Amino acid sequence: MADDSEDDRKQLLDRFLAEIAQGSGNVFFDEDDLVEMYDYAADTNDDYARMELLLCASRLYPSSEALGERKAFFYYELGNDAAARAAAAQLPDNSVLRRLLMLLLDRSDAGIATRELDNIVDSTADFEDEWVIQLVDVASELGLYEWLKKRYDDIKKRSGYPQSFIYELIGVAEFAADYKMAESLAEELTLLEPFNGEFWEMLAEIRISHLNEFEKGLSDVDYALAINPDSVKALLLKGRALFELDRPTEEILPALNAAVEIAPNDAAPVHYLAMTLFSRGYVMEAISALEDFRKAHPSESMTLEYMTLLCKGHVPDELFDPVFENGGAEIVAQWLSIARRFADDGEYEAAVTALKACARHTDMREETELFFEVLYRTHRYSEIIEYWQRVPDADVVARTHIVDLLFVLSAIRIKDTALLDSNLDSIIKRWSECRESEPFSRRFACMSTLYVLSSLKQALAGGDPYDLNAIDPFTPLA
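Notes on the structure in this doc start here. If you're wondering where the values come from, they're calculated on a predicted model, not measured in any experiment. (Residues numbered from 1 in each chain as written. Predicted model: local features only at pLDDT ≥ 70, side-chain atom pairs only at ≥ 80, totals over all residues. Heavy atoms only, no water.)

### Focus on the nonpolar core
One finds Leu 100, Trp 147, Ile 170, Phe 324, Trp 335 and Val 408 to be the most contacted residues of the largest nonpolar core, which totals 136 residues. The biggest single contributor to this core is helix α25 (residues 401-413), with nine residues. Not counting the four nearest positions on each side in its chain, Trp 147 is found in contact with Thr 114, Leu 117, Asp 118, Val 121, Leu 135, Ala 139 and Ile 155. Within the second largest apolar cluster, 21 residues are counted, among which are Leu 13, Phe 16, Tyr 61 and Phe 74. (Core = buried A, V, L, I, M, F, W, Y, C linked by side-chain atoms within 4.5 Å. Buried < 20%, exposed > 50% of the residue type's maximum accessible area, 1.4 Å probe, protein only. Helix = DSSP H or I, 4+ residues; strand = E, 2+ residues; numbered from the N terminus. Contact = heavy atoms within 4.5 Å.)

### Digging into helix α7 (residues 110-122)
Its 13 residues place the ends of α7 18 Å apart at the C-alpha level, agreeing with the 18 Å of an ideal helix rising 1.5 Å per residue. Residues of α7 that are buried include every one of Ala 113, Leu 117, Ile 120 and Val 121, and no others. Seen end-on, α7 carries its buried residues on one side only, within an arc spanning 95°. Looking at the buried positions of α7, the neighbouring elements they touch are α6 (96-105), α8 (129-141), α9 (145-150) and α10 (152-158). N-capping of α7 is provided by Asp 109, with a side-chain oxygen placed 3.1 Å from the backbone N of Gly 111. (Expected span 1.5 Å × (residues − 1). Arc of directions from axis to C-beta. Polar contact = N/O pair within 3.5 Å; in protein donor to acceptor, adjacent residues only side chain to side chain.)

### Regarding a nonpolar patch on the surface
A cluster of nonpolar residues, Met 51, Leu 55 and Leu 78, forms a patch on the protein surface that exposes about 280 Å² of accessible area. Inspection of the secondary structure assignment puts Met 51 in helix α3 (residues 47-60). Exposure remark for Met 51: the relative accessible area of 37% places this residue in the partly exposed category. (Patch = residues over 30% accessible without salt bridge, like charges linked within 9 Å, V, L, I, M, F, W, Y side chains within 5 Å. Areas by Shrake-Rupley, 256 points an atom, 1.4 Å probe, with all protein chains shown as cover. Salt bridge = Lys/Arg side-chain N within 4 Å of Asp/Glu carboxyl O.)

Have a look at this one:
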């Protein structure tokens with residue numbers, strides 16, 4: 001939760017990491033500082049910092065209960081139950097965090113877990129922040145959201161800072177799609193801390209994103225912006241609320257432009273601005289906003305994804321080079337997934353561009369079917385024939401029934417009778433050789449392909465006019 005202490009903890013952690021980076025073996029921080037830094041690193045999902053902090057703690061404070069508890073949970077999060085048990089065994093039996101962790105490690109059923117959680121709540125007069133955070137997380141992981149709601153008042157009054165409990169419970173309520181409960185909890189946060197802008201943003205996001213309460217959400221955002229006029233999140237939420245309320249574009253843009261100006265290196269505001277412009281018919285302005293950001297951040301993948309979509313695939317090949325340059329297999333897999341999504345959404349031109357970019361950086365044999373299909377749907381018949389002629393007959397990965405069928409259809413579309421005469425019979429023969437012992441899926445594919453190929457051959461041999469679209473299982477773009 002955003003406040004001055006967050007900045008203090010960040011600065012403290014930055015100083016710790018800087019000293020670690022210098023290779024000094026004499027790094028020293030007091031125990032409370034290590035705990036504060038660890039909890040901040042956990043909040044920001046910085047596993048590297050957490051590991052370095054635990055290593056430092058093991059040297060400086062090997063008997064620290066608070067840091068030992070965190071170490072045990074860290075092992076659990078890593079999936080190392082044996083190490084988590086070993087670390088937990090070194091903690092006092094009455095440690096709240098140890099008792100919570102053992103519920104997870106023992107895979108306790110709902111009845112046992114509920115009784116132990118009741119015992120923990122009833123025997124604890126004052127919950128520390130980390131205790132209540134883990135209490136909520138453990139109950140949620142064990143499927144005990146209803147228990148959390150039942151014991152809400154008891155836990156809240158035992159929490160030294162009840163806002164932490166409510167904040168965590170909102171996340172669980174949202175995960176359970178209990179958005180009215182989440183809204184009620186967020187409202188309570190704003191009452192407890194009316195000058196905390198993050199709480200107003202949280203309430204606004206619940207109302208705007210989940211409850212379609214756009215007027216109320218807009219009011220919440222205005223409160224957040226009164227507290228912090230430079231909050232990018234609040235500005236984007238305001239833009240979204242105004243958009244959903246169908247306000248004029250000129251009323252929406254000031255908030256979005258302000259977000260872009262405040263965070264010039266953050267892609268999210270630019271993306272939201274571009275998609276808002278595009279949806280309102282300002283296509284060139286949307287593309288221009290994306291292109292301005294891309295020029296300053298040429299390796300930003302999602303910006304190029306939006307550009308590829310909005311430009312209908314008409315983006316220069318060289319724009320993909322900085323994106324793929326250092327991404328390795330991971331970025332290729334990401335763009336293959338993007339290409340499939342484009343194809344599923346009927347954005348075939350964009351899919352072609354994405355697949356060709358991938359083809360320059362990886363073996364596309366396993367994606368040949370998809371590649372041929374989007375080429376076909378965009379009338380690139382000659383390209384299909386060219387690619388097909390490069391694929392060896394023996395390549396069972398790339399030379400599939402779909403690939404062969406699209407080749408034949410492409411040859412028909414461009415009226416290349418010589419190509420059909422020299423290949424159609426051999427293709428039909430290949431797909432006639434499906435044995436009973438082969439999987440049903442392959443036999444079904446063979447039969448389906450043979451049916452279409454035979455229909456095409458019969459139509460071609462008849463010499464009379466025929467409707468290819470009535471036979472063609474694919475639909476090229478108009």
